[in-house]
Amino acid sequence: MGQPGERVVLFRRATARPDPSRGWLGVDLGTQSVRAMLVGDDGAVLGAGTRPLASRRWPDGRHEQDPEAWWDAASAACRRALAGAAGVAVRGIACCATSGTVLLVQATSEDPARPLTPGLMYDDGRAVAEARAVARDPAPGWPGLGICPQLSWALPKALWLVRRVRLPTGRVRLAHQVDLITSRLVGRPVATDTSHALKTGADPLSVAWPAQHLERLGLDPRLLPPLVHPGAVLGHVCPAAAERTGVPRGVPVLAGMTDGCAAQIAAGTLRPGQWGFVVGTTVVLKGVTVDLLRDPTGALYSHRAPDRLWWPGGASSAGGGLLGQEFGVTGFARLERHAAAREPAGSVTYPLVGVGERFPFRRPDARRFTVGEPLDEADRFAAVLQGVGFVERLCLDQVRSLGAAVGDRVSLTGGASRSGYWTQLQADILRREVVVPRCPEGAVGMAVLAASGGQDLAAAASRMTAPARVYRPRGEAARFDAPYLRLVTELAERGWVGEPLAAAALAGVVR
């Protein structure tokens, strides 16, 4: 049964009558695997396939994958997902991929996207000099859009590639990981969506590249693919791709979004004022606003959704990673039971694993700290669990301080959602309902995007996604207000957070 305060939702009836003969295919290119899922009109998973991927890593921060392995794995995963779905008509396909993974490709008569380089992965850190050059000379429009390119973003890696690779004559272009798959599905070079291209410097508002600025940095505009909004039809599955993947010829191929955005769709976080957390090793926040949030610190940036709403998000370096580092995994259940008696804990912890914080504030020298003295191991464990919730609450206070609406319900995915106690604790600290989605996978999100036809994404999600569990704050949730303010006060005294965020945190307590 559920935890105290938990409501278990077994199913939710679709808002429109589903058609059992229709299915939508979503493909998620991750780091360790490619996953394809065929999803019905009512959200039922009709078929799924997964194939592993291998990486090459070096101690200096380089991280590469073989682009041909992406296509092999995507083709095999699609065939597997469709193998048991006889009688289901595939009506559309969309793909997501890791954000910031790039390579150079050449279009030939036999291959619309022949790789010229390995894929430089989303966390590849080789382009140090190029990142510094970009930071010194940002495009004029980037600050207003919240675009603050970092070392692992695609743009520095693209500059690194073009400065070191001898380019052949012919149709050479910069490609994101997803572009190789969509180009081969369609059988010709296709446009890229502004979501995958955001970290390459694309303007999601004007749907254009800052071409003159990129050329000044050293990126020839002729290498850049055309841009489209997510949800746009890129083309239709060609005969060669149909034979390779099993996806019927002529199925529409829609422009997708990054893997993080795909998971947001699957979680159903799609209407203004809705926010969702991914809590695992770190804490990631994503939400929806009508207007673009402008964060002067650059800690938060926004994707543009198919419905032209904005999806701001930020990633903290704090999170549950400290639990594994400090306590291991074998004693988690035992410590959880003891932590339930420490609400609140005798100390307050900001749970950073390493050095530096990115969101809800930027502080490269930040380190974990504890205010007060833990009573024992269980109390120290409770302080970390509660500290993750305090970071989440601070994230919500930060977006409120920037002018965003924050509703009374948030979604939760990631490893933390597997713990009923910890999820209930987060509902109490946030003083909001916490919803754990039924199937928050990126492939499901892309199936929903395909089903929407790039139009009413929220309506498609309402019939295809559903919560599995809902946790309501327990009656004494206000007991966490005092330790939260204790943490915020410490952050302000250290100069890590400014007056607007501290004021928003105080306002959230006295509301």
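Only a predicted model underlies this, so the values are computations on that prediction, with no experimental measurement involved. (Residues numbered from 1 in each chain as written. Predicted model: local features only at pLDDT ≥ 70, side-chain atom pairs only at ≥ 80, totals over all residues. Heavy atoms only, no water.)

**Student:** Tell me about the packing of helix α10 (residues 332–339) against helix α11 (residues 377–401), and name the residues and values.
**Tutor:** Running from N to C, α10 and α11 cross one another at 90 degrees; their axes reach a closest spacing of 9 Å. As judged from the angle between their axes, α10 and α11 are roughly perpendicular. Counted together, F332, R334, L335, E336, H338 and A339 of α10 and E377, A378, F381, A382 and L385 of α11 form the full contact between these two elements. A class-by-class count of the residues in the contact of α10 with α11 yields 7 nonpolar, 1 polar and 3 charged. (Axes fitted to C-alpha atoms, helices over the stretch in contact; angles between N-to-C directions. Helix = DSSP H or I, 4+ residues; strand = E, 2+ residues; numbered from the N terminus. Parallel < 35°, antiparallel > 145°, perpendicular 65-115°, else oblique. Contact = heavy atoms within 4.5 Å. Nonpolar A, V, L, I, M, F, W, Y, C, P; charged D, E, K, R; others polar.)

**Student:** Account for the packing of aromatic side chains, naming residues and giving values.
**Tutor:** Taken as a whole and assessed by the stated rule, the structure comprises 8 aromatic pairs. Ring plane angle 65 degrees and centroid distance 5.7 Å describe the contact between F369 and W496, whose orientation is recorded as edge-to-face. Within this pair, whereas F369 is found in strand β21 (residues 369–371), its partner W496 is found in the loop between α15 (481–493) and α16 (499–510), the two being separated by 127 residues in sequence. Residue classification places F369 among the buried positions, given a relative accessible area of 5%. Centroid distance F390 to Y484: 6.0 Å. Interplanar angle 40 degrees. Geometry classified as tilted. Of the two residues, F390 is situated in helix α11 and Y484 in helix α15; the sequence distance between them amounts to 94 residues. Y484 matches F390 in its accessibility class, with the two residues each being buried. Grouped by ring-pair contacts, the aromatic residues Y350, F361, F369 and W496 constitute a single cluster. (Phe/Tyr/Trp six-rings, centres within 6.5 Å; stacked < 30°, edge-to-face > 60°. Buried < 20%, exposed > 50% of the residue type's maximum accessible area, 1.4 Å probe, protein only.)

**Student:** Describe the side chain of S75, and please don't skip the residues or the numbers.
**Tutor:** Assignment of secondary structure puts S75 in helix α1 (residues 67–83). Look past the residues within four positions of S75 in its chain and what remains in contact with it is R244 and T245.

**Student:** A description of the confidence of the model for the protein should follow, citing residues and the corresponding values.
**Tutor:** On average, residues of the protein score 92 in pLDDT, and 96% of them are at 70 or above. The low-confidence segment residues 6–15, where pLDDT is below 50, has 21 contacts with residues more than four positions distant or belonging to other chains. (pLDDT = per-residue confidence, 0-100.)

**Student:** Tell me about the nonpolar core, residues and numbers included.
**Tutor:** W275, F277, Y350, V399 and L491 are the most contacted members of the largest nonpolar core, which totals 60 residues. Broken down by element, the residue count for this core peaks at 12 residues, all from α11. Core analysis: the next-biggest nonpolar cluster, separate from the first, contains 41 residues, C95, A113, V190 and A241 among them. (Core = buried A, V, L, I, M, F, W, Y, C linked by side-chain atoms within 4.5 Å.)

**Student:** Break down the pattern of salt bridges for me, citing the residues and quoting the values.
**Tutor:** Evaluation of the coordinates by the stated rule reveals 31 salt bridges. Between R479 and E343 there is a salt bridge whose closest N-O contact spans 2.6 Å. Residue R479 is located in the loop between β24 (467–471) and α15, and its partner E343 is located in the loop between α10 and β20 (348–350); the two are separated by 136 residues in the primary sequence. R479 gets classed as partly exposed once you look at its relative accessible area, which sits at 22%. (Salt bridge = Lys/Arg side-chain N within 4 Å of Asp/Glu carboxyl O.)

**Student:** Can you tell me about the state of the cysteines, naming the residues and giving the values?
**Tutor:** A full pass over the atoms with the stated rule returns 0 disulfides. In this structure C148 is a free cysteine whose sulfur lies 17 Å from that of C395, the closest cysteine sulfur available. Taking relative accessible area as the criterion, C148 reaches 27% and is therefore assigned partly exposed. Looking at C395, it has no disulfide partner, and the nearest cysteine sulfur is the one in C261, 17 Å off. The buried category is assigned to C395, whose relative accessible area is 1%. (Disulfide = S-S within 2.5 Å.)

**Student:** So, the sheet that holds strand β15 (residues 252–254): which residues are in play, and what are the values?
**Tutor:** Taken in spatial order, the 6 strands line up as β4-β3-β2-β7-β15-β14 in an open sheet, and their pairing is mixed. For this open sheet the edge positions go to β4 (45–52) and β14 (233–236), each flanked by a neighbour on one side alone. Geometrically, the sheet is characterised by an average inter-axis angle of 20 degrees between neighbouring strands, direction not taken into account. In the sheet, strand β3 (residues 33–40) pairs with β4 via 7 bridges, with the strands oriented antiparallel. Note that in β4 the partner of M37 across the bridge is A48. Contacting β2 (22–29), β3, β7 (89–97) and β15, helix α13 (residues 442–452) crosses the sheet at an angle of about 135 degrees to β2. (Pairing = 2+ DSSP bridges.)

**Student:** Account for the pairing of strand β22 (residues 409–413), naming residues and giving values.
**Tutor:** Within β22, 4 of the 5 residues are buried, leaving the element largely enclosed by the surrounding structure. For strand β16 (residues 275–279) and β22, the ladder comprises 4 bridges, and the chain directions are parallel. Opposite F277, over in β22, you have L412 as the bridge partner. In terms of strand pairing, β22 meets strand β23 (residues 433–437) through 3 bridges, oriented parallel. Bridging from a neighbouring strand, S411 pairs with V435 of β23.

**Student:** Please provide a residue-by-residue account of unusual backbone geometry, values included.
**Tutor:** With an omega of 0 degrees, the peptide bond between E343 and P344 qualifies as cis. The step from F359 to P360 runs through a cis peptide bond, and the omega angle for that step is 15 degrees. With respect to the secondary-structure elements, P360 resides in the loop between β20 and β21. One non-glycine residue, V207, lies in the positive phi region at around 55 degrees. According to the relative accessible area criterion, V207 is partly exposed, its value standing at 21%. A positive phi is found at R431, a non-glycine position, where the angle reads about 60 degrees. As for its placement among the helices and strands, R431 is situated in the loop between α12 (420–430) and β23.

**Student:** Please provide a residue-by-residue account of α12, values included.
**Tutor:** Counting buried positions along α12 yields 11 of 11 residues, so the element is predominantly enclosed. Among the residues making up α12, those that are buried are G420, Y421, W422, T423, Q424, L425, Q426, A427, D428, I429 and L430. Within two residues after α12, R431 carries a phi angle of roughly 60 degrees, on the positive side.

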